[in-house]
Amino acid sequence: METVCKIVDSNVNSQLNYTQAVDILNAGEVVAFPTETVYGLGAVATNDYAVKKIFEAKGRPSDNPLIVHIGTKEEVELYIENIPEVAMKCMDLFWPGPLTLVMPVKPNVLAKSVTAGLNTVGIRMPDHPVALALLHHIKKPLAAPSANRSGKPSPTEAIHVKDDLQGYIPYILDGGSTGIGLESTVLDVTHEPPVILRPGGITKEMLEEAIGPVIQPTTIEQHMESTPKAPGMKYTHYAPNAPVYLIHCDKKKVEQAIQQLHSQGHKVALLAPESFVNISVDYYFSIGVAANKEEMGAALYHALRACDKTQATLILATTTSTEGVGAAIMNRLEKAAGGKWYIT
Ligand code: AMP
Ligand code: MG
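We now turn to the structure provided with this report. Remember, it's a predicted structure, so these values are computed and weren't measured experimentally.

A word on the layout of surface pockets
And step 1. By volume, the largest pocket is sized at about 820 Å³.
And step 2. In terms of lining, the largest pocket is formed by 46 residues, of which the most central are Arg60, Asn64, Pro65, Ile67 and Ala230.
And step 3. Listing elements by their share of the lining of the largest pocket, those giving two or more residues are β3 (39-44), β4 (67-69), β5 (99-104), β6 (120-124), β9 (185-188) and β10 (195-198).
And step 4. A per-element tally of the lining of the largest pocket places β6 first, with 4 residues.
And step 5. Looking at the lining of the largest pocket residue by residue, the classes come out as 18 nonpolar, 19 polar and 9 charged.
And step 6. Every residue lining the second largest pocket is counted, 14 residues in all, and those nearest its centre are Thr219, His223, Met233, Lys234 and Lys335.
And step 7. Mapped by element, the contributors of at least two residues to the lining of the second largest pocket are α9 (219-222) and α12 (326-336).
And step 8. Taken together, the residues of the lining of the second largest pocket sort by class into 4 nonpolar, 6 polar and 4 charged.

Here is the structure:
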């Protein structure tokens, strides 16, 4: 299959690209588009045949449900049975934005494969001009997971989508780099108090200020039977080709680790804050200023993907505190590393 990639901006020609994207989606095909979090791979969420194509193109397990994207807040009522009070508050405060709300789904209004057989659905209104323009043009909900092959880091640029899905999908809308660079926060409001199934750009601190206590399970707690789960959590995620190891953000420790690894014949890639720039390592990818978690979040997937363009045999990634967006960064890093730590 030929994959066409079209730039969309404020230029008049962009209108034609939106029209093409809408025609392709209405014909039951998939289209990749930018959101403020990462690039999504969209299909009309009421068309089961189209939604199945997302799973095929990504190689995504069919028991991992998809997030439904809508263009206006009012549409929620079409798909959700009883909208909880806390969800109303969250929508008012954080939509459009990087917050997915898991709520009870109305029967038979969305394609079966969207919800992977659950009686809930994750829904959000994205805050990106291209995503919103596409949704306003098509006037239908779009199911859209991240536009990467399953297991790989999410795409933050159209070129990442091409790297993963060229030949598998017909159309990409290129709207430049995404802003946040980490997937949306997934908040399950069917529990009391609500549970963060996946940390993201809307932090626990921001949510608690708005709606009171929320539970944010640690990675270990997420594996416990009693903890509510996002079905996708059991799968490998965000992983570059070479194995990733976490290491404390301590220059001496990192230098020692690199020396040890070199003596074992490894070529090492290092993902670390800007302050590590002078370190002697085979490949170094800055994730920005350590104090600026938003900047680190935005740089993370780009850096993980850049490792795949090197000859590195092992990747060291420095850790950060779990305050604010740090929780989302550590969640992705722990998954990319499969929980492995480098111990010198
Ligand atoms: P992605 O589509 O790759 O951004 O991943 C979507 C995430 O949201 C996955 O971790 C899913 O497991 C989670 N998710 C989507 N829908 C639901 C739902 N109804 N209940 C719980 N988790 C969900
Ligand atoms: Mg994903």
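Some words on the site of ligand 1
And step 1. Among the 17 residues in the neighbourhood of ligand 1, the closest are listed as Arg60, Thr120, Pro145, Arg198 and Gly232.
And step 2. Contacts to ligand 1 include Arg198, whose side-chain N or O atom sits 3.0 Å from an oxygen atom.
And step 3. Computed on the free molecule, ligand 1 has an accessible area of 500 Å², of which 93% lies beneath the protein chains in the complex.
And step 4. Assessed atom by atom at 2 Å from the grid points, ligand 1 resides in the largest pocket.
And step 5. For the shell around ligand 1, the secondary-structure elements that each account for two or more residues are β6 and β10.
And step 6. When residues in the shell around ligand 1 are grouped by element, the largest group, 3 residues, is from β6.
And step 7. Residue composition of the shell around ligand 1, by class: 10 nonpolar, 5 polar and 2 charged.

With respect to the pattern of salt bridges
And step 1. Evaluation of the coordinates by the stated rule reveals 8 salt bridges.
And step 2. With its nearest N and O atoms 3.4 Å apart, the salt bridge here joins Asp163 to Lys309. Remark: Lys309 occurs in the loop between α11 (293-307) and β14 (314-318) and Asp163 occurs in helix α7 (residues 158-165); sequence separation between them is 146 residues.
And step 3. Take Lys309: its relative accessible area is 63%, and that puts it in the exposed class.
And step 4. Note that Asp164 and Arg305 form a salt bridge whose closest N and O atoms lie 2.9 Å from each other. Of this pair, Asp164 sits in helix α7 while Arg305 sits in helix α11; the two residues are 141 residues apart in sequence, bridging distant segments of the chain. With respect to burial, Asp164 and Arg305 carry one shared label: buried.

Reading the values: the criteria
Sequence order as written defines the numbering, with residues in each chain counted from 1. To read the labels, note that chains go from A and ligands from 1, taken in the order they are written. Totals for whole chains, interfaces and linings use every residue, but because this is a predicted model, local features are given only for residues with pLDDT of at least 70 and side-chain atom pairs only at 80 or more, for both listing and counting. Just so you know, side-chain values use all the structure's heavy atoms and leave hydrogens and water out. Cavities and pockets were defined on a 1 Å grid built from protein atoms only: a cavity is a group of points that admits a 1.4 Å probe but offers it no way out, a pocket is an open group of points flanked by protein on both sides within 12 Å along at least five of seven lines, and a lining residue is one with an atom within 4 Å of any such point. Grid points are joined across faces, edges and corners, and a volume is the space filled by probe spheres set on the points. By the criteria applied, helices consist of DSSP H or I runs no shorter than four residues and strands consist of E runs no shorter than two, each listed in order from the N terminus. Residue polarity is assigned by list, with Asp, Glu, Lys and Arg as charged and Ala, Val, Leu, Ile, Met, Phe, Trp, Tyr, Cys and Pro as nonpolar; anything else, Gly included, falls into the polar class. Here a residue is near a molecule or strand as soon as one of its heavy atoms is found within 4 Å of it. Here a polar contact is recorded for every N or O atom pair within 3.5 Å, except that within protein the pair must consist of a potential hydrogen donor and a potential acceptor, and residues adjacent in sequence are included only if both atoms are side-chain atoms. Only the protein chains shown count as cover for residues, and all accessible areas are computed by the Shrake-Rupley method using a 1.4 Å probe. Any molecule with more than half of its atoms within 2 Å of a cavity's or pocket's grid points is counted as sitting in it. Just to be clear on terms, a salt bridge is a Lys or Arg side-chain nitrogen sitting within 4 Å of an Asp or Glu carboxyl oxygen. Throughout, exposure labels follow a simple rule: accessible area from a 1.4 Å probe, protein chains only, divided by the maximum for the residue type, with under 20% read as buried, over 50% as exposed, and the rest as partly exposed.

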